[in-house]
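Remarks on the overall topology
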Amino acid sequence: AQSVTQPDIHITVSEGASLELRCNYSYGATPYLFWYVQSPGQGLQLLLKYFSGDTLVQGIKGFEAEFKRSQSSFNLRKPSVHWSDAAEYFCAVGAEQAGTALIFGKGTTLSVSS
Amino acid sequence: DSGVTQTPKHLITATGQRVTLRCSPRSGDLSVYWYQQSLDQGLQFLIQYYNGEERAKGNILERFSAQQFPDLHSELNLSSLELGDSALYFCASSVVGLAGEINEQFFGPGTRLTVL
């Protein structure tokens, strides 16, 4: 069965510092990978997605993620964090055994210190 | 704004009751998904409808049911409510290709259900 692991429950980063959020997955033949962000009291917003092709994908708000098949990872990065990036971040994988639904990790809460 | 709307935003009810949550997908999206977000279980897929027909089931309880209407809006019905059903319920919609391939999903703002 497909699954997603986000090892870090909570991360604190100083404003202006770089960020990397980890995501490991198990998948079938074709990985469909996503990163979503959820601000307090809000729904989920898609940051970026990987279906195939270039393993480094660019998303909105200055985020990028790199797909590494050998490590089964899809880590999210941002070179310089802003206070408005404080939110919860979810990695998700397309669930081949469940139609086209997504399986989400438990999420990583990002706090930004000044 | 994702284009997916959900009503109501908040719902407070008592154990044993029945509630209905409503979702309108983005214009043109035929596929609707329901997810439950709770502190202990995280975000879990409940059920998917595609163009009016049930397409896939996840961890949906037998007390829960859903349907998608001809105008593509969807309703999630929760009955015999228990305290543990308190959660945030999200609806999402997506374009599903002819080959059934996975695509990005657009999420609504959610309905927060509190069972007292």
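Please refer to the structure higher up on the page.
The residue F106 of chain B is located in strand β10 (residues 106-107) in this model. Other than its neighbours up to four places away in sequence, F106 of chain B contacts S2, V4, R26, D29, C91, A92 and S93 of chain B.

Further remarks concern the interface of chain B and chain A. Listed as interface residues are 23 residues of chain B and, on the opposing side, 21 residues of chain A. Ranking the residues of chain B by area buried against chain A places L43, I102 and E104 of chain B at the top, with a combined share of 39%. The tally of links from chain B across to chain A stands at one salt bridge. Measuring nitrogen to oxygen at the nearest pair gives 2.2 Å for the salt bridge that ties K49 of chain A to E104 of chain B. Joining chain B to chain A, the criterion identifies eight residue pairs in polar contact (both at pLDDT 80 or more).

Turning to the packing of aromatic side chains, a few remarks are in order. Residue and element names in this part refer to chain A. For the coordinates displayed, the defined rule picks out 17 aromatic pairs over all chains. Geometrically, the ring pair formed by F34 and F51 is edge-to-face, given 5.6 Å between the ring centres and 75° between the ring planes. Of this pair, F34 sits in strand β5 (residues 33-38) while F51 sits in the loop between β6 (44-50) and β7 (56-58), and the two are 17 residues apart along the sequence. Looking at F34, the relative accessible area reads 0%, which means it is buried. Residue F51 is classed as partly exposed on the basis of its relative accessible area of 22%.

Further remarks concern the pattern of salt bridges. Following the criterion strictly, the structure yields eight salt bridges over all chains and no others. Across the pair R22 of chain A and D8 of chain A runs a salt bridge, and its minimum N-O distance is 2.9 Å. A residue pair is termed long-range when its members are at least 10 positions apart, and R22 of chain A in the loop between β3 (19-21) and β4 (24-26) and D8 of chain A in the loop between β1 (3-5) and β2 (10-14) qualify at 14 residues. Take R22 of chain A: its relative accessible area is 38%, and that puts it in the partly exposed class. Residues R63 of chain B and D85 of chain B are paired through a salt bridge, measuring 2.8 Å at the closest nitrogen-oxygen approach.

Thresholds applied
- Residues numbered from 1 in each chain as written.
- Chains lettered and ligands numbered in written order.
- Predicted model: local features only at pLDDT ≥ 70, side-chain atom pairs only at ≥ 80, totals over all residues.
- Heavy atoms only, no water.
- Helix = DSSP H or I, 4+ residues; strand = E, 2+ residues; numbered from the N terminus.
- Contact = heavy atoms within 4.5 Å.
- Buried area = accessible area lost by both parts, 1.4 Å probe.
- Salt bridge = Lys/Arg side-chain N within 4 Å of Asp/Glu carboxyl O.
- Polar contact = N/O pair within 3.5 Å; in protein donor to acceptor, adjacent residues only side chain to side chain.
- Phe/Tyr/Trp six-rings, centres within 6.5 Å; stacked < 30°, edge-to-face > 60°.
- Buried < 20%, exposed > 50% of the residue type's maximum accessible area, 1.4 Å probe, protein only.

Take it as geometry only, folks, not as evidence of what the structure does.
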